[in-house]
Amino acid sequence: MSYWRSIATIVRKDLLVELRGKEIILSVSFFVFLMVFIFNFAFKPGTIPLEVMTPGVLWFTFLFAGMLSFQRVVSTEQENGCLDGLMLCPHGRDVIFVAKTISSFLFVLVVEVISLPFFAVVFNLSFFPVELLLIIPLATFGISIIGTLLAALSMNTRLREVMLPILLIPLVVPVVIAAVESTGNALSGEGWASVQPWIWVMVIFDIVFLVIGLLTFEHVIEE
Amino acid sequence: MEHPAIEARGLSRSYGRVKAISNLGLTIAPGEKVVLIGPNGSGKTTLIKLLSTLIRPTSGTLKLFGKDTASHGAQLRRRVGVLLHEPLLYNRLTALENLQFYSKMFNVPNEDRRIWELAEEMEIGDLLKTRVDSLSHGQRKRVSILRALLHDPPILLLDEPDAGLDQTAVQGLVKLVSRNGRTVVMSTHNLESGLSMAQRVIVLKKGKVIMDVDREVLDGANLDLGYEALVTG
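Residues numbered from 1 in each chain as written. Chains lettered and ligands numbered in written order. Predicted model: local features only at pLDDT ≥ 70, side-chain atom pairs only at ≥ 80, totals over all residues. Heavy atoms only, no water.

Draft legend 1. Inspection of the environment of Arg-78 of chain B at higher detail. Locating Arg-78 of chain B in the fold gives a position in the loop between α2 (69-77) and β6 (80-83). The exposure class of Arg-78 of chain B is partly exposed, given its relative accessible area of 32%. (Helix = DSSP H or I, 4+ residues; strand = E, 2+ residues; numbered from the N terminus. Buried < 20%, exposed > 50% of the residue type's maximum accessible area, 1.4 Å probe, protein only.)

Here it is as structure tokens:
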């Protein structure tokens, strides 16, 4: 079976499992709505310019939503020893890593798409910058790569709920900074030229951590 | 010359300071049916997991059909069917959806026909459309046995397959796994069901082989006593 067909089969299975339980998308969307709602009360209107505040709030919320999703996507494989089932299939362990990263990415992306209109209403955003169509997937993919790897790493630890944020947040700082800066520039209407350098930061970040994940995932899940 | 189905040399596996398998040597011919017995903690499950390539040896070499598992793991997994303690089935999917998923992963041709044929043979056709979380332990075990057989593997590794199965199901299992000249390695605490299938009996203790004999050599009537003496002595 080809590499990509195996990946597609695992992703399709993850989507089917989620469709049955709706655990990730429903609970994480609810979490995002709550966060946005609370942030709206936390900042007094007019004290901080919207284009300064909104990108930080947006990515802070998405990062925490991601953390909830990554843990769940990986822990699904722990019930009934399903991770062993995947590891017994005739493919390299990197197939599991890529498939789980894509599943995590898709779940977080769906939550982001659901919550963006709510975000726009609460923070009074009058337009949707087209640059976000590139910024959001790139940053989300970068966070998903590290999130999946670290969720697998912390899967068998006693304090896994605490371990994931402790390990994840310092590592995603570069991609979150790039996402916040580029989102801010896009919301200010500064155009592609101001966004482009940050896009490159995210692309390089995604490539570097994808390679690291492919090289290390095997050892992470086997031990 | 035909390669052994399984060939282990100096195989060891440690978990921290604990040696689960220690310097184990083992050769199993194609088509041979081997039963692994031993007390709890003797290394049966670790050995099954090593043979299935689920875990790597700490030291030593392991070859399946002459190919090293360290360098040909993915390729060799296609030729191995594994039944572990846990069913390896997704709770929220039906038995059929689980089996279709594994069929795709193993690229089983005519997957639905294969699933239904095996299900009829194992008399679990009526369970296929039930969600796994609604199945009993024994039913999950039977679906899991079907999962292990889906891709018609020449090597079948069974870790206590009789646990949680009724007598009829155990007899059916023995019949099913014994055919097709398949190599079978089965660990069990149930000497009776183990011996009904085995051609060779290996007794493990503290990660080492302490007895390796042909089934015919054993006197079934006194085996319980002999086994007790062997593993406690």
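Draft legend 2. Up close: the pattern of salt bridges. Residue and element names in this part refer to chain A. This structure, assessed with the given rule, holds 15 salt bridges over all chains. With a shortest N-O distance of 2.9 Å, Lys-100 and Asp-14 are connected by a salt bridge. Here Lys-100, found in helix α5 (residues 93-122), pairs with Asp-14, found in helix α1 (residues 3-21); they are 86 residues apart in sequence, far enough to count as distant. Grouping residues by exposure puts Lys-100 and Asp-14 together as buried. For the salt bridge of Glu-23 with Arg-72, the shortest nitrogen-to-oxygen distance reads 2.6 Å. One end of the pair, Glu-23, is in helix α2 (residues 23-42); the other, Arg-72, is in helix α3 (residues 50-75), and 49 residues separate them in sequence. (Salt bridge = Lys/Arg side-chain N within 4 Å of Asp/Glu carboxyl O.)

Draft legend 3. Spatial organisation of the packing of α1 of chain A against helix α3 (residues 95-105) of chain B. Two elements in contact, α1 of chain A and α3 of chain B, have axes whose closest approach is 9 Å; the angle formed by their N-to-C orientations is 165°. It follows from the interaxial angle that α1 of chain A and α3 of chain B lie roughly antiparallel. Once α1 of chain A is placed against α3 of chain B, the crossing between them reads as left-handed. Only Glu-97, Phe-101, Lys-104 and Met-105 of chain B of α3 of chain B make contact with α1 of chain A, whose side of the interface consists of Ser-6, Thr-9, Ile-10, Arg-12, Lys-13, Leu-16 and Arg-20 of chain A. Residues belonging to the contact of α1 of chain A with α3 of chain B are distributed by class as follows: 4 nonpolar, 2 polar and 5 charged. (Axes fitted to C-alpha atoms, helices over the stretch in contact; angles between N-to-C directions. Parallel < 35°, antiparallel > 145°, perpendicular 65-115°, else oblique. Left-handed = near helix turned anticlockwise from the far one by under 90°. Contact = heavy atoms within 4.5 Å. Nonpolar A, V, L, I, M, F, W, Y, C, P; charged D, E, K, R; others polar.)

Draft legend 4. Quick peek at α5 of chain A. Residues and elements named next belong to chain A. Between its first and last C-alpha, α5 extends 43 Å over 30 residues, near the 44 Å set by a 1.5 Å rise per residue. Remark: the principal bend of α5, roughly 35°, maps to Ser-115, with a proline, Pro-117, within the next four residues. Looking at the residues trailing α5, positive phi occurs at Asn-124, about 55°. (Expected span 1.5 Å × (residues − 1). Bend = angle between axes of the 7 residues up to and from the residue.)

Draft legend 5. Structural detail: unusual backbone geometry. Residues and elements named next belong to chain B. Located in the positive-phi region is Thr-53, a residue other than glycine, with phi close to 70°. Inspection of the secondary structure assignment puts Thr-53 in the loop between α1 (44-51) and β4 (59-64). The phi torsion at Leu-88 lies on the positive side, around 60°, for a residue other than glycine.

Draft legend 6. Structural context of the interface of chain A and chain B. On the chain B side, the residues contacting the 32 residues of chain A number 29 residues. Here chain A packs against chain B, burying approximately 2900 Å² in sum over the two surfaces, 56% of which is carbon and sulfur. When the area that chain A buries against chain B is broken down by residue, the three leading residues are Asn-80, Leu-88 and Pro-90 of chain A, summing to 26%. Linking chain A with chain B are 3 salt bridges, by the criterion used here. We note a salt bridge from Glu-218 of chain A to Arg-56 of chain B, for which the minimum N-O separation is 2.2 Å. (Buried area = accessible area lost by both parts, 1.4 Å probe.)

Draft legend 7. Here's a closer look at α2 of chain B. Three or more residues of α2 of chain B are buried, namely Thr-69, Gly-73, Leu-76 and Arg-77 of chain B. All buried residues of α2 of chain B project into a common sector of 105° when viewed along the axis, lining one side. At its buried positions, α2 of chain B is contacted by α4 (82-87) and α5 of chain A together with β4, β5 (67-68) and β6 of chain B. Of the residues that open α2 of chain B, the one with a side-chain oxygen 2.9 Å from the backbone nitrogen of Ala-70 of chain B is Asp-68 of chain B. (Arc of directions from axis to C-beta. Polar contact = N/O pair within 3.5 Å; in protein donor to acceptor, adjacent residues only side chain to side chain.)

That's the geometry; what it means functionally is another story.
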